[in-house]
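Descriptive structure summary
Each chain is listed here by its residues.
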There are 2 protein chains.
Amino acid sequence: MGAPHAVSPLSRPLPDLATVSGVRLSAVAAGIRYQGRTDLMLAEFTPGTIVAGVFTKNACPGAPIQWCKTAVTTPYARALLVNSGNANVFTGQAGVETVEACAEAVGKLLHCLPQDVFLASTGVIGEKLPQDRIINALPAAEAALADANWEEAARAIMTTDTFPKAARRDVHIGKTPVRIQGIAKGSGMIAPDMATMLAYVMTDAKLPQNVLQSLLSSGVGPSFNSITVDSDTSTSDMLLAFATGAADNEPVTGVHDPELAEFTLAFNDLLLELALLVVRDGEGATKQIRVAVTGATSNISAHKIALSVANSPLVKTAIAGEDANWGRVVMAVGKSGEPADRDTLSVGVGGTWIARNGTVVEGYDETPVVAHMRGQEIEIAVDLGLGEGEARVWTCDLTHGYIDINGAYRS
Amino acid sequence: MGAPHAVSPLSRPLPDLATVSGVRLSAVAAGIRYQGRTDLMLAEFTPGTIVAGVFTKNACPGAPIQWCKTAVTTPYARALLVNSGNANVFTGQAGVETVEACAEAVGKLLHCLPQDVFLASTGVIGEKLPQDRIINALPAAEAALADANWEEAARAIMTTDTFPKAARRDVHIGKTPVRIQGIAKGSGMIAPDMATMLAYVMTDAKLPQNVLQSLLSSGVGPSFNSITVDSDTSTSDMLLAFATGAADNEPVTGVHDPELAEFTLAFNDLLLELALLVVRDGEGATKQIRVAVTGATSNISAHKIALSVANSPLVKTAIAGEDANWGRVVMAVGKSGEPADRDTLSVGVGGTWIARNGTVVEGYDETPVVAHMRGQEIEIAVDLGLGEGEARVWTCDLTHGYIDINGAYRS
């Protein structure tokens, strides 16, 4: 990690970022692992800021994950501290003590309770996090806090990422303008149920914690939990949402409050945008792939089938080779373990059905499919012909670049 | 498929092959897809030969799989016909008719019932199998039948395999000498529950079908169902065992008959040898990897954890890079979804424990581990510290070679 890789051909420029009232950020170089770049991000939230979170389901999570899971049981957050270069995972009791010491140090600096400080670490697993470097860098981080430092924050949390990731939406709750803005990092070890993926969404909206948590929990399904790069699930993933309340909108009664409808749409849309940025920075990616499954016996079944296709190395290498090798898609559907019937199964690419009901379409013309496969955004459709279940999953192709990035010594 | 690839650095020379009384084989070039090589293998078994089989669990199997599943419900086999180059999968009703026509043609030639003819096809999915080329080649195949053609048979069934695979054991049932000899093919799309893997084990032993089926069903677990190359499961896998009875040993009363003990050990050992040959020919493989899991809550749980490690692209690329990146092993254990506790988890490489009970071993010396990682046979040990469950799984590393082989157009 940290070795510079060529910027992904699927990279997107940062959007026009603005400030979010109640949030100040900074990024400094603490020298944790990388040389000549920032690796520590601090965010300060105005008192009364509400927090919600979802976390990795990996059974061997890092100490910061355990800290945040406890911290999120009370609704308030005053700070977020994220370092890159070292994940503080599998570091035993020392890792736990590091987390406590960092939270303590931030609390002292910002005059808040340690349990209102949220922490995250991303990078190498199994090495002790040099907490002194972090704690020594905190005064500089505090001095640099400013409401405009979003790009700097997005850059400081990168590991093997080749471009910084952020998204923004400006909407209304009732008649009050509110803003949602988020940053994310992640490019390898990405799979559903959260991956080596950190994402932080901040809004100036005033929302009760149960509403914010509910938005996050249901929004993560069709976004971050519907992307996969390599089927590997990190020990450190988290998605946190912070609502500062500075917009002072009318109180929201619940997730189904009609005044919240526009916000909910924008929130979900922003989560998907951030998630797709992670896919587009998938290690070695040259193509973004969408797998859309319909006609499954249930939505859950459709999701599993879509993931089986999206995680298949044979499908992903075929797409890297611009080969519409739909036979491999059939194989991946069949291996999912979900209900499938060869004789009702259809496979399409780029809007063209190649096979229908168990055999190649009569007079199938490969021309539009070949053209589609040369593009950067590949669409695979699978129809099971069994029921109404559907799901969409995004991934990227599997290329030499993935091997280069991950096969290097202690990458 | 079919493009010549460099022979795997892990290849093994063929063992000294002998004849198996009651079996005659041949290999011919039917021109199904490949030029300048054999692609059709025929085996003829003496009347009274008993057959048993296990098949892919892929829900979209090829027509030959369905044929054999039916054929194996009666105990007798007189012939086996295998073609490479085309899998006859996802070919609709035409595929079913092709299978019937081929069985009919072999039956006519060898004067046996079509249902005593076993069929297999391996290669590209979704293209119609040119049955005329097969049927036209049958007379030459029949004329070439001989009891010494084992190497020829092993070569004719290869697809992306870079070397032919066979194994032999000479043992006794009671006082009667018997022989077990098998051939296999497979190098990609290999995952548990049978993969693009064909294996045929033949013996001159006289065994009831229930005993042969029982030996096969229990032997496949720690051998073919404990290997994985890329987590992809083929639509065409099968493992068949044929017992000609020509050795005329004393009747075997059941699988637990003490007279069968030596045979059973040798049979299981031969299955594992064939399975490991498939791993050693894994597409792009440069290292064979054994993942041994102990201390899990059950054997089934241990098997799932071992597979999670063995299928992790991040673990496999790290090993390709000769990096003992045990943090990725921890990640893969954690993502398996099986019971695991970070604080009782230990990870070792090549006989050296790197991490014990959730943290790096005090004074860990990397020297022997670095030396081990440079070898061709890598051993990863995971101890969960929770129970008595254990399992072993074999895989290979993930290299540029895999991308080369599978990322080429219509490979």
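Residues numbered from 1 in each chain as written. Chains lettered and ligands numbered in written order. Predicted model: local features only at pLDDT ≥ 70, side-chain atom pairs only at ≥ 80, totals over all residues. Heavy atoms only, no water.

All names here are of chain A. Under the criterion given, the structure shown has 36 salt bridges over all chains. With a shortest N-O distance of 3.9 Å, Asp16 and Arg168 are connected by a salt bridge. Residue Asp16 is located in the segment before strand 1 (23-28), and its partner Arg168 is located in strand 6 (residues 165-173); the two are separated by 152 residues in the primary sequence. Its relative accessible area of 62% is what places Asp16 among the exposed residues. Classification of Arg168 by relative accessible area gives partly exposed; the value is 23%. The salt bridge involving Arg169 is made with Asp269; its shortest N-O contact spans 3.0 Å. With Arg169 in strand 6 and Asp269 in helix 6 (residues 261-280), this pair connects stretches of sequence that are 100 residues apart. The partly exposed category is assigned to Asp269, whose relative accessible area is 41%. Residues participating in the shared-partner salt-bridge network are Asp16, Arg168, Asp170 and Arg179. (Salt bridge = Lys/Arg side-chain N within 4 Å of Asp/Glu carboxyl O. Helix = DSSP H or I, 4+ residues; strand = E, 2+ residues; numbered from the N terminus. Buried < 20%, exposed > 50% of the residue type's maximum accessible area, 1.4 Å probe, protein only.)

Another point: the side chain of Asp161(A). All names here are of chain A. Summarising the element assignment, Asp161 is placed in the loop between helix 4 (150-156) and strand 6. A polar contact of 3.0 Å, which involves the side chain of Asp161, links it to the backbone nitrogen of Thr159. In this structure the side chain of Asp161 is engaged in a polar contact, spanning 2.7 Å, whose partner is the side chain of Lys165. (Polar contact = N/O pair within 3.5 Å; in protein donor to acceptor, adjacent residues only side chain to side chain.)

The subject of this paragraph is the packing of aromatic side chains. For the structure shown, the criterion picks out eight aromatic pairs over all chains. Ring geometry for Phe90(A) and Trp326(B): centres 5.5 Å apart, planes at 55°, overall tilted. Within this pair, whereas Phe90(A) is found in the loop between strand 4 (79-86) and helix 2 (92-110), its partner Trp326(B) is found in helix 9 (residues 326-335), the two belonging to separate chains. Ring centres 6.1 Å apart and planes at 80° place the aromatic pair Phe118(B) and Phe242(B) in the edge-to-face group. Note that Phe118(B) is positioned in strand 5 (residues 117-124) and Phe242(B) in strand 9 (residues 238-243), a separation of 124 residues in sequence. We classify Phe118(B) as buried; its relative accessible area is 0%. The rings of Phe45(A), Phe118(A) and Phe242(A) are connected pair by pair, giving a single aromatic cluster. If you follow Arg356(B) out to its NZ or CZ, it ends over the ring of Trp353(B), 4.2 Å from the centre. (Phe/Tyr/Trp six-rings, centres within 6.5 Å; stacked < 30°, edge-to-face > 60°. Lys NZ or Arg CZ within 6 Å of the ring centre and 35° of its normal.)

This brings us to the nonpolar core. By size, the foremost hydrophobic cluster in this structure holds 84 residues, and its most contacted members are Val293(A), Val333(A), Leu384(A), Val293(B), Val333(B) and Leu384(B). Setting aside residues up to four positions removed in sequence, Leu384(B) forms contacts with Val293(B), Thr294(B), Gly295(B), Ala296(B), Ile305(B), Val333(B), Pro339(B), Ala340(B), Thr344(B) and Leu345(B). (Core = buried A, V, L, I, M, F, W, Y, C linked by side-chain atoms within 4.5 Å. Contact = heavy atoms within 4.5 Å.)

Interfaces are frequently sized by the accessible area removed from exposure as the parts join. Facing 59 residues of chain B, the contacting portion of chain A comprises 59 residues. Roughly 4,900 Å² of surface becomes buried between chain B and chain A when both sides are summed, with 57% attributable to carbon and sulfur atoms. Contact with chain A buries surface across chain B, with Phe90(B), Arg342(B) and Ile403(B) losing the most and accounting together for 17% of the total. Counting across the interface, chain B meets chain A through zero salt bridges. Applying the counting criterion to the chain B and chain A interface returns nine residue pairs in polar contact (both at pLDDT 80 or more). Residue assignment for the side of chain B that touches chain A shows that the elements contributing at least two residues are helix 1 (63-71), helix 8 (313-320), helix 9, strand 13 (359-360) and helix 11 (400-406) of chain B. At seven residues, helix 9 of chain B tops the list of elements feeding residues into the side of chain B that touches chain A. Tallied by class, the residues present in the side of chain B that touches chain A amount to 23 nonpolar, 23 polar and 13 charged. (Buried area = accessible area lost by both parts, 1.4 Å probe. Nonpolar A, V, L, I, M, F, W, Y, C, P; charged D, E, K, R; others polar.)

Residues and elements named next belong to chain A. For chain A, the assigned domains read domain 1 (23-280) and domain 2 (288-406). Taking only C-alpha atoms into account, the centre of domain 1 sits 33 Å from that of domain 2. Counting residues at the interface gives 14 residues for domain 1, matched by 15 residues for domain 2. Here domain 1 packs against domain 2, burying approximately 1,100 Å² in sum over the two surfaces, 57% of which is carbon and sulfur. (Domains from an automatic or database assignment.)

All names here are of chain A. Ordered by their spatial adjacency, five strands build an open sheet running 3-9-8-7-6, and the pairing between neighbours is mixed. Of all strands in the sheet, those with a lone pairing partner are strand 3 (50-55) and strand 6, marking the two edges. Put simply, the sheet's adjacent strands are angled 15° from each other on average, direction ignored. (Pairing = 2+ DSSP bridges. Axes fitted to C-alpha atoms, helices over the stretch in contact; angles between N-to-C directions.)

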